[in-house]
Amino acid sequence: MINNRMLVLGKQPNPIRALYAYGLQRKAQVGEQNVFDLSIGNPSIPAPPQVRQCIESLLEEPPEVLHGYTMSPGLMSAREAVAANLQRRFGIPATAANVYMTSGATSALYISVAAITNPGDEVIVNAPYFPEYKVMIESAGCICVEVPMRHSDFQLDIDTLRRAITSQTSAVVINSPNNPVGCVYTEETIKALAQLLREKQDEVGHPIYLISDEPYREIVYGAQVPFTANYYDNTIVCYSWAKSLSLPGERIGYIYVSDRMQDAADVVYAVQGAGRSLGYICAPALFQRVIEQCIDSPTDVEAYARNRALFTAGLDELGYTYIPPDGAFYLWVKALEDDAQAFSDRAKEFDLLLVPSDCFGAKGWVRASYCVSAETIERSLPAWKALKESYAR
Ligand code: PLP
């Protein structure tokens, strides 16, 4: 018998991907340059040249080695490279034993949630949030508890989080720099969260894990991103090179279970068990090798910084309201009517593709990705203008 939950998930694809698919179709009809697809977070800058050079030199390796399975947690050399990188950058005593290579951040998140929850547990997310969080939490048989971020500054709302944590809470998921808002949680916010979680752990008598989803860690415009595991011992970091090295289709990332976690050894076993039970045999072998060699390649944020300036200046001139982003490459723009879906549908009439906020657990906003060419942003501005004027009629 078909699984009804899977049927529903399949019939209602992720709204971001649905809009992206519509954009591809529409481009085929009216021409690529006439569609302003700001839907998906596909990096617009190329992967650094080191990645290509590295792949070319790896092709000299014997194919049976190059394309063979790796151990499930990954190649020891790749895990050592990740641990060394974390030690160097954040001063954490990271060991390779606590690093598990994954197929991007999505699988890192699924595995982490499955590893540290039991059906019926509650997992807290901070809204607006990456839509797949709800799917992954519910896939683990858990309850997704949404806590709105503080609307004044889009930092975590510690008081509301305090009220939301119960004896059933096993984890809190955070994402900074944030998709969709672009906010970066300050050190003060992370310290307050860590303090709250420590207090609540004592109160409920079991660990409350912090799952820190960090695919945009390097994509910031001057802001400092506190390394969460340095503030809270029960932290599991989920990382991906999808954005920092522009490798989204290669599906490569990792889980790092903090070496300071009291039950780290068991959590690492549970991560391995969850990976096994979810069918992840190993992360892509070629890209584990690429990462091992390219882990220190710098992230090029210049193009995104220029797009951000161009885009915000354009929207300022047109009088749109948005949250100035400190990181990632999304602009969170206030819809011109309460119904974000209706606003997004109206924008579509101008071939402007904006993701309505409902799928992020928020009302009345849209997300516009600026990881596109500067030309696309420039050319989209008349569509934004026409969209605004259509509300004045
Ligand atoms: N988490 C957030 C906040 C994201 O924005 C994304 C992708 O856009 C992911 C996780 C998934 O990343 P990956 O493509 O590495 O699975």
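Everything numeric in this text was worked out from a predicted model, so none of it was measured.

A.B. asks: Would you mind going over a negative patch on the surface in detail, with residue names and values included?
C.D. replies: The grouping of Asp338, Asp339, Asp345 and Glu349 at the surface amounts to a negative patch. Note on placement: Asp338 falls in the loop between strand E10 (330–334) and helix H13 (340–348).

A.B. asks: Now, about the site of the ligand: what can you tell me, with residues and values included?
C.D. replies: As a matter of local geometry, the ligand sits amid 14 residues, with Thr106, Asp213, Tyr216, Ser240 and Arg251 nearest to it. For the ligand, whose free accessible area comes to 390 Å², the fraction covered by protein is 92%. Along the lines of polarity and charge, the residues of the shell around the ligand split into 6 nonpolar, 5 polar and 3 charged.

A.B. asks: Residues and numbers for the sheet that holds strand E13 (residues 365–369), please.
C.D. replies: Within the open sheet, the 4 strands sit side by side as E9-E10-E13-E12. Their pairing is antiparallel. The outermost strands of the open sheet, each flanked by one partner alone, are strand E9 (322–323) and strand E12 (355–356). When E10 meets E13, the two strands line up antiparallel, connected through 5 bridges. Counted as the bridge partner of Tyr330 is Ser369 from E13. Of the strands in this sheet, E9, E10 and E13 are in contact with helix H12 (residues 302–318), which crosses E10 at around 10 degrees.

A.B. asks: Can you lay out the pairing of strand E4 (residues 143–148) for me, pointing to particular residues and giving the numbers?
C.D. replies: Relative to E4, strand E3 (residues 122–127) is paired through 6 bridges, and the arrangement is parallel. In the strand pairing of E4, Val123 is matched with Cys144. At this point the chain moves from E3, through helix H7 (residues 132–139), to the parallel E4, and the crossover so formed is right-handed.

A.B. asks: Can you break down helix H2 (residues 15–30) residue by residue, with the values?
C.D. replies: Between its first and last C-alpha atoms H2 spans 22 Å; for 16 residues at 1.5 Å apiece the expected length is 22 Å, and the two agree. Looking at H2, one finds that the buried residues are Ile16, Leu19, Gly23 and Lys27. For H2, the angular spread of the buried residues around the axis is 80 degrees, confining them to a single face. Set apart from the buried face of H2 by more than 90 degrees, the exposed residues are Arg17, Gln25, Ala28 and Gln29. As for H2, its buried residues are in contact with strand E1 (36–37), H13, strand E11 (352–353), E12 and E13. Sitting at the head of H2, Asn14 places a side-chain oxygen 2.7 Å from the backbone nitrogen of Ile16.

A.B. asks: Quick one: what's the story with the domain arrangement of the chain, residue by residue and with numbers?
C.D. replies: Domain boundaries assigned for the chain yield domain 1 (4–47 + 299–390) and domain 2 (50–294). Here domain 1 and domain 2 have C-alpha centroids that lie 26 Å from each other. Taken together, the contact between domain 1 and domain 2 spans 30 residues of the former and 31 residues of the latter. Considering only the surface of domain 1 that becomes buried against domain 2, Thr299, Asp326 and Phe360 emerge as the three largest contributors, covering 22% of it.

A.B. asks: Now, about helix H6 (residues 104–116): what can you tell me, with residues and values included?
C.D. replies: Owing to its 3.6 residues per turn, the α-helix aligns residues three or four sequence positions apart on the same side. An ideal rise of 1.5 Å per residue puts 18 Å on 13 residues; H6 measures up with 19 Å between its terminal C-alpha atoms. For H6, the tally of buried residues reaches 11 of 13 residues, placing the bulk of the element in the interior.

A.B. asks: So, the packing of aromatic side chains: which residues are in play, and what are the values?
C.D. replies: Following the criterion strictly, the structure yields 17 aromatic pairs and no others. On the basis of an interplanar angle of 80 degrees and a centroid distance of 5.7 Å, the ring pair of Tyr216 and Tyr330 is categorised as edge-to-face. Of the two residues, Tyr216 is situated in the loop between strand E6 (209–213) and strand E7 (235–240) and Tyr330 in strand E10; the sequence distance between them amounts to 114 residues. Across the pair, exposure class does not vary: Tyr216 and Tyr330 are buried alike. The rings of Phe154, Trp332, Phe360 and Trp365 are connected pair by pair, giving a single aromatic cluster. A cation sits over an aromatic face here: Arg346 above Tyr391, 4.0 Å from the ring centre. Residue placement shows Lys348 over the ring face of Tyr22; its charged tip is 4.4 Å from the ring centre.

Definitions and cut-offs
- Residues numbered from 1 in each chain as written.
- Predicted model: local features only at pLDDT ≥ 70, side-chain atom pairs only at ≥ 80, totals over all residues.
- Heavy atoms only, no water.
- Patch = residues over 30% accessible without salt bridge, like charges linked within 9 Å, V, L, I, M, F, W, Y side chains within 5 Å.
- Areas by Shrake-Rupley, 256 points an atom, 1.4 Å probe, with all protein chains shown as cover.
- Salt bridge = Lys/Arg side-chain N within 4 Å of Asp/Glu carboxyl O.
- Lys, Arg positive; Asp, Glu negative; His and termini not counted.
- Charge placed at Lys NZ, Arg CZ, Asp CG, Glu CD.
- Helix = DSSP H or I, 4+ residues; strand = E, 2+ residues; numbered from the N terminus.
- Near = heavy atom within 4 Å.
- Nonpolar A, V, L, I, M, F, W, Y, C, P; charged D, E, K, R; others polar.
- Pairing = 2+ DSSP bridges.
- Contact = heavy atoms within 4.5 Å.
- Axes fitted to C-alpha atoms, helices over the stretch in contact; angles between N-to-C directions.
- Right-handed = clockwise from strand over helix to strand, strands pointing away.
- Expected span 1.5 Å × (residues − 1).
- Buried < 20%, exposed > 50% of the residue type's maximum accessible area, 1.4 Å probe, protein only.
- Arc of directions from axis to C-beta.
- Polar contact = N/O pair within 3.5 Å; in protein donor to acceptor, adjacent residues only side chain to side chain.
- Domains from an automatic or database assignment.
- Buried area = accessible area lost by both parts, 1.4 Å probe.
- Phe/Tyr/Trp six-rings, centres within 6.5 Å; stacked < 30°, edge-to-face > 60°.
- Lys NZ or Arg CZ within 6 Å of the ring centre and 35° of its normal.

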